Amino acid sequence: MSENKLTITAICGSLREGSFNRKVLKAMEELAPKHWEIHRADLSNIPLYNADIESQGDPQSVALFKESIRQADGVLIVTPEYNSGIPGVLKNALDWVSRPVKSSVLIQKPFAIAGATPGSGGTAQSQAQVRQTLLAMNAYTMPGPKILIGGIHEKLNETTGELDDESTLRHIEKFLTAFEQWIYFFK
Ligand SMILES: Cc1cc2nc3c(=O)[nH]c(=O)nc-3n(C[C@H](O)[C@H](O)[C@H](O)COP(=O)(O)O)c2cc1C
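Every chain is numbered independently, its residues counted from 1 as its sequence is written. Two thresholds apply to this predicted model, a pLDDT of at least 70 for residue-level local features and 80 or more for giving and counting side-chain atom pairs, whereas whole-chain, interface and lining totals are computed over all residues. Working from all heavy atoms in the structure, the side-chain values ignore hydrogens and water.

## Let's talk about the site of the ligand
For the ligand, the full set of nearby residues is Ser14, Arg16, Ser19, Phe20, Asn21, Pro80, Glu81, Tyr82, Asn83, Ser84, Thr117 and Pro118. Identification of polar contacts relies on pairs of N or O atoms within 3.5 Å, with a donor-acceptor requirement for protein atoms, meaning one able to donate a hydrogen and the other able to accept it, and with residues adjacent in sequence counted only if both atoms are side-chain atoms. Measuring from an oxygen atom of the ligand, one finds a side-chain N or O atom of arginine 16 at 2.7 Å. In the model, a nitrogen atom of the ligand is placed 2.7 Å from a nitrogen or oxygen of the asparagine 83 main chain. The fraction of the free accessible surface of the ligand (620 Å²) that becomes covered by protein chains is 68%. Considering only residue class, the shell around the ligand consists of four nonpolar, six polar and two charged. In these notes, residues near a molecule or strand are those with any non-hydrogen atom within 4 Å of it. With residues, only the protein chains shown are counted as cover, and all accessible areas are computed by Shrake-Rupley using a 1.4 Å probe. Classification used: nonpolar for Ala, Val, Leu, Ile, Met, Phe, Trp, Tyr, Cys and Pro, charged for Asp, Glu, Lys and Arg, polar for all others including Gly.

In structure tokens:
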């Protein structure tokens, strides 16, 4: 594809320090084409959505998150599944940036979703809910290929703790290539 710089905002749906999903995100950063500039969003300081707070102006954490997405060519979400659905931290952050409804930074923004779990379901239900949420926000989510990583704890290097399962890494490369095509589809 084009060698022009692409700016990507990367969101991890887990705040946990040793998050498996953040390890997947790290692998994506390492495998991404050199012309991608990936900025990780920080959801840790985003308050619970409250229209009273919003009416006084976005908190700085929300303003920074919105600006990162506004400037991005595409947004990558790597998220766990909680109780067969989307983690509250992620849903809350997306709710903030979905406003104002008619001019939100999410409108027509290309997204790709991935997720990892020690369980066998690969975060399928969580990802389905993220898709539904982004559809409501008029974002453009890549239909496939999907990345549903089950048994993630068995796919890490014993020494470094990083993702080193060959077939998963090759699949991530295909996913990233497809995401670039998806982004250019709307450019
Ligand atoms: C509240 C809660 C609910 C969970 N529900 C699910 C679930 O429905 N499906 C699943 O595969 N894993 C579930 N898990 C396990 C997570 O996949 C696991 O904790 C995972 O490591 C979280 O992602 P992270 O490592 O990126 O923080 C749940 C974990 C928590 C804390």
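Next, the rest of the story.
## Points about the pattern of salt bridges
A carboxyl oxygen of Asp or Glu within 4 Å of a side-chain nitrogen of Lys or Arg is what we treat as a salt bridge. Applying the stated criterion across every chain yields a total of eleven salt bridges. With its nearest N and O atoms 3.0 Å apart, the salt bridge here joins glutamate 54 to arginine 99. In this pair, glutamate 54 is assigned in helix α2 (residues 51-55) and arginine 99 in the loop between α4 (88-97) and β4 (110-116), connecting sequence segments 45 residues apart. When its relative accessible area of 16% is taken as the criterion, glutamate 54 is described as buried. A helix here means a DSSP run of H or I that spans at least four residues, while a strand means a run of E at least two residues long, and both kinds are numbered starting from the N terminus. For each residue, the accessible area found with a 1.4 Å probe, counting protein chains only, is set against the maximum for its type, and the residue is called buried under 20%, exposed over 50%, and partly exposed in between.

## What about the packing of helix α1 (residues 20-31) against helix α6 (residues 166-185)?
Where α1 meets α6, the axes come as close as 10 Å, and the angle between the chain directions of the two elements is 65°. Overall, the two elements α1 and α6 adopt an arrangement that is roughly perpendicular. In this structure, the crossing between α1 and α6 has a hand that is right-handed. On α6, the residues touching Val24, Ala27, Met28 and Leu31 of α1 are Leu169, Arg170, Ile172, Glu173, Phe175 and Leu176. For the contact of α1 with α6, the class distribution of residues is eight nonpolar, no polar and two charged. Under this scheme, a helix contributes an axis fitted over its contacting stretch, all axes are lines through C-alpha atoms, and angles between N-to-C directions fall in the 0 to 180 degree range. Oblique is the label for any angle not under 35 degrees, not over 145, and not in the 65 to 115 range, which are roughly parallel, roughly antiparallel and roughly perpendicular in turn. Definitions for this section: a left-handed crossing has its near helix turned counterclockwise from the far helix by less than a right angle. A right-handed crossing has that turn clockwise. Residue contacts follow a heavy-atom distance rule, with two residues in contact if any of their heavy atoms lie within 4.5 Å.

## Some thoughts on the pairing of β4
Both faces of the sheet carry side chains from a regular strand, because those side chains alternate between them. Extensive coverage of β4 is indicated by the burial of seven of its seven residues. Side-chain alternation along β4 places Pro110, Ala112, Ala114 and Ala116 on one buried face and Phe111, Ile113 and Gly115 on a second face that is also buried. Here, a strand pair is defined by DSSP locating no fewer than two bridges between the strands. In the sheet, strand β3 (residues 74-78) pairs with β4 via four bridges, with the strands oriented parallel. Paired with valine 78 across the two strands is alanine 114, which belongs to β4. Between the parallel pair β3 and β4, the chain is carried across by α4, and the sense of this crossover is right-handed. In this structure, β4 lies alongside strand β5 (residues 140-141), joined through two bridges in parallel fashion. If you follow phenylalanine 111 over to β5, its bridge partner there is threonine 141. Here β4 runs beside strand β6 (residues 147-149); their pairing, made up of three bridges, is parallel. Look down the strands so they point away from you; if the path from the first strand over the helix to the second goes clockwise, the crossover is right-handed.

## Points about the UniProt feature "domain: NADPH-dependent FMN reductase-like" (unreviewed entry) in the protein chain
UniProt positions are given in the numbering used here, feature names are shortened, and annotations may be inferred rather than shown by experiment. Here the UniProt feature "domain: NADPH-dependent FMN reductase-like" (unreviewed entry) sits at residues 7-151. In the segment residues 7-151, helix accounts for 36% and strand for 19%; the C-alpha atoms at its two ends are 31 Å apart.

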